[in-house]
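# An overview of the molecular structure
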Amino acid sequence: MGRACLGGVGLAAVLVASLSAAQGPARPAAQAGAAPMPRVVEKDGRWALMVDGAPYLMLGMQVNNSSAWPAMLPQVWPAVDRLHANTVEMPVYWEQLEPVQGKFDFSVVDALLAGAREHKVHLVLLWFGTWKNGAMHYTPEWVKRNPVKYPRVTGQDRVAENGAVVHGAPGDTMSPFATATMEADKAAFSALMRHLKTADPRHTVLMIQVENEINAYGSRRDYSPEATKLFEGQVPAEFAAAMKVNPGTWTEAFGAEAENTFQTWSIARYVEQVAKAGKAEYGIPLYLNHSLEDPLRAPREGRLAWPEMTDHVLDIWKATAPSLDLIAPDIYMSQYAQYEKVLDVYARAGDKSNGGNAMFVPESGNAAPYPRYFFAALGGHGTIGWSPFGLDLTGYANAPLGAPSVDNNLIDLFALNYEIVGPMQREIARLNFEGKLQAVCEDPTTRTPQTMVFGPWTASVSYGLRQFGGNFPGATPPAPNPNPTGRALVAQLGPDEFLVTGASSRVDFRPTDATGGKRRAWVRVEEGSYVDGKWKFRRIWNGDQTDYGLNFTTAPQVLRVTLMAY
Ligand code: DGJ
């Protein structure tokens, strides 16, 4: 989605709409009056996160798992500020929130709210409840210590060499069939949502992630007697219908995927009850994050050793957990082909009830190849937000998933994206929602310029060129940058008028229909920036700065370009 070109829009309309949209990431905390609830909306196959009544783009950052404690925040906020993020994803730990059953401690949540308001950013809270990376490590002590009431999954029985049956051992993850655990999680999550309803009337918190990368590491499914009895029974009719399979047992209906499907459905059913109860308290958008396996690896059917929550279970979640507004991929794949494929799979045009899914990347690797993928998620897939993981300055680095160390230099590589887009974030979010924006990032495996078609005009993007020269015989042909860092974004403001920006790339335009032999002329190329929704002129680019195309370096530069064909 997001690549379709719509008809032109007048600049006046752009400015009027821009002015009406609230600027900046967060309003002053003291501002009076009720703010509209954030919402995830769909229109014409595209999605937006509405904040204060207008599309909002989350320029995100997720902190390390143990960085949301008040003692760590002095090492978090400077990184947020340096990154120019407008939204920070912070965990809320069940073990901290409810140390004694029924007694809630909101001091950590309140510290996050206060800090976010002070730093004028929004929050996305991550509910580390029953599941965190498939494990049960964030459950409170009173859950961990009572396995009879709050059982773990039971592993599969196996036959030892001497023929004796060795009964399945308890796993490191909770059984999704335990009503007591589900009720306890539901109660805690509901308490959190009730608290936010009163503590956050201005919606510093925009969305909540329910659980974290759920799965059942180490076991295909729960092999407890209750679970096995259910597994040997019939697939619930409603679920079979939603999945378009014939009624029957799980094995009859799903064949090699039966155990994965059964376990995923069981967890989704559990999570739906937690999410639904929370939403009844406070109707903020909720989402789920998926860990991923390589989306280009085949064949996949029946191969997974346990029900990893990756794209092949998207439809199970869509059918079973309607209280979730979207399902989001955590992308730790630095190769272009894989990253793009994941984006393709999760950005699903259309209404949620028809399987549609808004694009949101809550976690992306924080190593050097990743910053450019912000542009891929935005322009190619209409994302409502994007967030590198673990960019705080608490001294932890999650290599090899991310960079080997985190410091200001690393933060600066990512900050460039938000420096470019931040001042015009509301314009960008709106143009994106309206389908007028496209963007690309560098694919180091090809030298062919990437193209974006906007009706009569086609933008082309090349990488690895010197700024001077290139339009004459014998000039240096495009080649990949030494490191793949290139990116470019083009948005249509009028029939012949475009907003253009990028980094480490060259953008040019040509008439889409070249049959008449027409060529492109720059009528005017203005450099400037959006300030409070208004375009502020800085200078005109001409001569060397336009003769060979529009060259972007690592300086945050934004152009407004008017073209003519001759
Ligand atoms: C994905 C998880 O969702 C994160 O919480 C974190 O554990 C990363 N993996 C690894 O650092």
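What you see is a predicted model, and the numbers here were worked out from it, not measured in a lab. (Residues numbered from 1 in each chain as written. Predicted model: local features only at pLDDT ≥ 70, side-chain atom pairs only at ≥ 80, totals over all residues. Heavy atoms only, no water.)

## Quick notes on the overall build of the protein
Across its full length, the protein holds 16 helices and 25 strands. Per-residue burial for the protein yields a buried fraction of 57% across its 566 residues. For the protein, the exposed surface amounts to about 22,100 Å²; the carbon and sulfur share of it is 54%. (Helix = DSSP H or I, 4+ residues; strand = E, 2+ residues; numbered from the N terminus. Buried < 20%, exposed > 50% of the residue type's maximum accessible area, 1.4 Å probe, protein only. Areas by Shrake-Rupley, 256 points an atom, 1.4 Å probe, with all protein chains shown as cover.)

## Topic: the nonpolar core
With 140 residues, the main nonpolar core has Met90, Trp317 and Leu499 as its most contacted residues. It is helix α10 (residues 258-281) that contributes the most residues to this core, nine residues altogether. Formed by 21 residues, the second largest nonpolar core is a distinct cluster that contains Phe454, Phe498, Val525 and Leu559. (Core = buried A, V, L, I, M, F, W, Y, C linked by side-chain atoms within 4.5 Å.)

## Points about the confidence of the model for the protein
On average, residues of the protein score 90 in pLDDT, and 90% of them are at 70 or above. Across residues 1-32 the pLDDT falls below 50, and counting only partners more than four positions away or on other chains, this stretch makes 82 contacts in the model. (pLDDT = per-residue confidence, 0-100. Contact = heavy atoms within 4.5 Å.)

## Side note on the sheet that holds strand β3 (residues 54-56)
Overall, antiparallel pairing links the three strands, which are arranged β1-β2-β3 in an open sheet. The sheet is open, and its two edges are formed by β1 (39-43) and β3, each paired on a single side. On average, each strand axis in the sheet is tilted by 55° relative to the strand beside it, whichever way the strands run. Across three bridges, strand β2 (residues 46-51) lies against β3 in antiparallel orientation. Looking at β3, one finds that valine 51 is bridged to alanine 54. Contacting β1, β2 and β3, helix α15 (residues 425-433) runs over the sheet at an angle of about 105° to β3. (Pairing = 2+ DSSP bridges. Axes fitted to C-alpha atoms, helices over the stretch in contact; angles between N-to-C directions.)

## Things to note about the packing of aromatic side chains
Using the criterion set out here, one finds 34 aromatic pairs in the structure. With 6.3 Å between their ring centres and 25° between their planes, tryptophan 386 and phenylalanine 414 make a pair best called stacked. Here tryptophan 386 is found in strand β15 (residues 385-388), whereas its partner phenylalanine 414 is found in helix α14 (residues 408-421), with 28 residues between them in sequence. When its relative accessible area of 0% is taken as the criterion, tryptophan 386 is described as buried. With a centroid separation of 6.2 Å and an interplanar angle of 40°, the aromatic rings of tryptophan 541 and phenylalanine 552 are classed as tilted. Of this pair, tryptophan 541 sits in the loop between β23 (534-540) and α16 (544-547) while phenylalanine 552 sits in strand β24 (residues 550-552), and the two are 11 residues apart along the sequence. With a relative accessible area of 3%, phenylalanine 552 lands in the buried category. Taken together, Phe177, Phe231, Phe239, Trp250, Phe254, Phe262 and Trp265 form an aromatic cluster joined through their ring pairs. (Phe/Tyr/Trp six-rings, centres within 6.5 Å; stacked < 30°, edge-to-face > 60°.)

## What about helix α4 (residues 107-118)?
Along its 12 residues, α4 runs 16 Å from first to last C-alpha, staying within 8% of the 16 Å computed at 1.5 Å per residue. Every buried residue of α4 is accounted for by Val108, Val109, Leu112, Leu113, Gly115 and Ala116. On its buried face, α4 sits against α2 (77-83), β5 (87-93), α3 (94-97), β6 (122-132), α6 (179-199) and β11 (205-212). At the exit of α4 stands lysine 120, carrying a positive phi of roughly 55°. (Expected span 1.5 Å × (residues − 1).)

## Things to note about the site of the ligand
Every residue lining the ligand is accounted for by Asn65, Lys132, Asn133, Asn212, Glu213, Asn289, Asp330, Tyr332, Glu363, Phe389, Asn398 and Leu401. A distance of 2.9 Å separates an oxygen atom of the ligand from a polar side-chain atom of lysine 132. Residue classes in the shell around the ligand are distributed as three nonpolar, five polar and four charged. (Near = heavy atom within 4 Å. Polar contact = N/O pair within 3.5 Å; in protein donor to acceptor, adjacent residues only side chain to side chain. Nonpolar A, V, L, I, M, F, W, Y, C, P; charged D, E, K, R; others polar.)

## Remarks on the side chain of asparagine 551
You can see asparagine 551 is positioned in strand β24. Engagement of the side chain of asparagine 551 in a polar contact is seen with the backbone oxygen of glutamine 467, the distance being 3.0 Å. A distance of 2.8 Å separates a polar atom in the side chain of asparagine 551 from a polar atom in the side chain of arginine 506. Those residues in contact with asparagine 551 that lie beyond four places of it in its chain are Arg466, Gln467, Ser505, Arg506, Trp541 and Gln557.

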